[in-house]
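Residue strings, one per chain:
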Amino acid sequence: MSKLANERIVYFNGEYVPESQALVPYRERSFLFGDGAFDLTRTFKHRIFKLEDHIERFYRSMRALRLDPGMSPEEMTAITKRVVEENIHLYGGDEDCWVGQRVTRGVLKVEGDNWNHYGPTVIVECLPMPVADRAHYYRDGVPVVIPSVRRTSPDALTPRAKTHNYLNLIMGDLEVRAQNPNGWAILLDRDGNLCEGLGSNIFLVRDGELLTPRENFVLPGVSRQTVIDLARELGIPFREADLDLFDGYNADEAFITSTSLCICPISSINGMTVGDGALYGAVTKRLIDAYAGLVDCDFVQQYLSKLQ
Ligand SMILES: Cc1ncc(COP(=O)(O)O)c(C=O)c1O
């Protein structure tokens, strides 16, 4: 297949190729079983955000999955920087992108097969973020809905590793969106406590204290940790805790965090307005300002500017 004019370049098993040429065999274990790990950061003003933290988390995920990428974190970092260099010209001055790494356990080898690559599949890519699709969440807030599906329990598959197994979260998301296309699924953990969503962690604010579910039950988000660090710097009391729906319904403020969204306010939980309905409560506002300062990018405006 010939390369499109502005086709993105991806790192694929040792080579930098146009995305359309990065093809994996159908007996790839990640295609068959979800047997792989990944990590995802973003750029702010074309600068990669906390790449080191993401690479560290990535290697922790791979270690937990007994996955060997066949390269060091330093090599993975250098490749990631090169992939951004190869593609950043495709993004306008006020645009940013996701930057991700993927490693799988490779092809399921069977007798008589003839693939041209064995061993781990290694992919490093950058791709557009759905800014326009999500812009309204910064105007209206995120309507969180709790699906019946519970988050995979840590004693079944650790949520602290970022794996290619997202079906649990996807099922929760589909259940919620079937009822409210704008709804954002936040799953409960096995004990009925608020846990996390598809690509996002959750925070509550009550009586000036910032609260978030315990790390054991969630993916330790890099944006989650960024908010925790900023809260400490700002002197905002913070605690990890088991937070159930009663805590959610009685929160003064609430927001979700993720790499692409950074901090996005929650408007309601299961249809119950959060606090007095003020979307950008005092603590949320202070953290958003601090986060924007840290990344030198007014991300709320970056989203709102995409609203029709
Ligand atoms: C299940 C899950 N929880 C939380 C997050 C948020 O993590 P981060 O802040 O690093 O994007 C993600 C990110 O993709 C995720 O997939």
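Placed above this text is the structure.
Residues numbered from 1 in each chain as written. Predicted model: local features only at pLDDT ≥ 70, side-chain atom pairs only at ≥ 80, totals over all residues. Heavy atoms only, no water.

Student: Before we move on, can you summarise the overall build of the protein with the specific residues and values?
Tutor: Per the secondary structure count, the protein includes 10 helices and 15 strands. For the protein, the spread of C-alpha atoms along the three principal axes comes to 65 × 45 × 35 Å. When the accessible surface of the protein is totalled, it reaches about 14,200 Å², and 51% of it is carbon and sulfur. Between the mean site of the 33 positive side-chain charges and the mean site of the 43 negative ones, the protein shows a separation of 2 Å. (Helix = DSSP H or I, 4+ residues; strand = E, 2+ residues; numbered from the N terminus. Areas by Shrake-Rupley, 256 points an atom, 1.4 Å probe, with all protein chains shown as cover. Lys, Arg positive; Asp, Glu negative; His and termini not counted. Charge placed at Lys NZ, Arg CZ, Asp CG, Glu CD.)

Student: Before we move on, could you go through the side chain of E253 and cite the residues and values that matter?
Tutor: Along the chain, the position of E253 falls in strand β13 (residues 253-258). In this structure E253 is buried but unpaired, with R286 as the nearest side chain of opposite charge at 9.2 Å. Looking at E253, its side chain comes within polar contact range of the main-chain nitrogen of A282, at 3.3 Å. Side chain to side chain, E253 and T284 meet in a polar contact 2.6 Å long. Beyond its immediate chain neighbours, meaning those up to four positions away, E253 contacts F203, L204, V205, V274, G281, A282, V283 and T284. (Buried < 20%, exposed > 50% of the residue type's maximum accessible area, 1.4 Å probe, protein only. Salt bridge = Lys/Arg side-chain N within 4 Å of Asp/Glu carboxyl O. Polar contact = N/O pair within 3.5 Å; in protein donor to acceptor, adjacent residues only side chain to side chain. Contact = heavy atoms within 4.5 Å.)

Student: Summarise the site of the ligand; cite the residues concerned and give the values.
Tutor: Taken together, 16 residues are adjacent to the ligand, and K162, Y166, E196, S223 and T259 come closest. The side chain of R57 places a nitrogen or oxygen atom 2.9 Å from an oxygen atom of the ligand. Here the ligand loses 95% of its free accessible area of 390 Å² to cover by the protein chains. Using a 2 Å cut-off from the grid points, one finds that the ligand occupies the largest pocket. Within the residue set of the shell around the ligand, elements represented by two or more residues are α2 (51-64), β9 (194-197), β10 (200-206) and α7 (222-234). For the shell around the ligand, the per-class residue count stands at four nonpolar, nine polar and three charged. (Near = heavy atom within 4 Å. 1 Å grid on protein atoms, 1.4 Å probe; cavity = no way out; pocket = protein on both sides within 12 Å on 5 of 7 lines; lining within 4 Å. Sits in = over half its atoms within 2 Å of the grid points. Nonpolar A, V, L, I, M, F, W, Y, C, P; charged D, E, K, R; others polar.)

Student: I'd love a proper account of the side chain of S267, names of residues and values included.
Tutor: Here S267 lies in strand β14 (residues 262-269). If we ignore the near neighbours within four places in the chain, the residues touching S267 are D140, G141, V142, P143, M272, T273, V274 and L279.

Student: Give me unusual backbone geometry: which residues, what numbers.
Tutor: A positive phi is found at N13, a non-glycine position, where the angle reads about 50 degrees. Here N13 is to be found in the loop between β1 (9-12) and β2 (15-18). For N13, a relative accessible area of 22% translates into the label partly exposed.

Student: Now, about a nonpolar patch on the surface: what can you tell me, with residues and values included?
Tutor: Taken together, Y26, F31, L32 and F33 make up a surface patch of nonpolar side chains, about 450 Å² in accessible area. Positionally, F33 belongs in helix α1 (residues 29-33). (Patch = residues over 30% accessible without salt bridge, like charges linked within 9 Å, V, L, I, M, F, W, Y side chains within 5 Å.)

Student: Describe the nonpolar core, listing the residues and the values that go with them.
Tutor: With 53 residues, the main nonpolar core has L210, I266, L287, Y291 and F299 as its most contacted residues. When residues in this core are grouped by element, the largest group, seven residues, is from helix α9 (residues 282-295). Of the residues that make up this core, three or more belong to each of domain 1 (9-128) and domain 2 (134-304). Beyond its immediate sequence surroundings of up to four residues, L210 is in contact with F203, L204, V205, V227, A231, I236, P237, F238, R239, F255 and L287. In this structure, A37, L51, Y91 and V122 belong to the second largest nonpolar core, which totals 22 residues. (Core = buried A, V, L, I, M, F, W, Y, C linked by side-chain atoms within 4.5 Å. Domains from an automatic or database assignment.)

Student: Explain α7 to me, and be specific about the residues and the numbers.
Tutor: The end-to-end C-alpha distance of α7 is 18 Å, a good match for the 18 Å that 13 residues give at a rise of 1.5 Å each. Considered for burial, the residues of α7 that qualify are V222, S223, R224, T226, V227, I228, L230 and A231. Two residues or fewer after α7 comes G235, characterised by a positive phi angle close to 75 degrees. (Expected span 1.5 Å × (residues − 1).)

Student: Quick rundown of the pairing of strand β11 (residues 209-212)? Include the residues and the values.
Tutor: Note that β10 and β11 share three bridges and pair antiparallel. If you follow L204 over to β11, its bridge partner there is L211. Traced from β11 through α7 to strand β12 (residues 238-240), the parallel crossover comes out right-handed. (Pairing = 2+ DSSP bridges. Right-handed = clockwise from strand over helix to strand, strands pointing away.)

Student: Describe in detail empty space enclosed by the protein, supporting the description with residues and values.
Tutor: To find the voids left in a structure, one rolls a probe of water-molecule size over its atoms. Overall, the coordinates contain one cavity of 30 Å³ or more when judged by the stated rule. Roughly 50 Å³ of volume is contained in the largest cavity. Of all the secondary-structure elements, those providing two or more residues to the lining of the largest cavity are β13 and β14. Tallied by class, residues from the lining of the largest cavity come to five nonpolar, three polar and one charged. (Points joined across faces, edges and corners; volume = space filled by probe spheres on them.)

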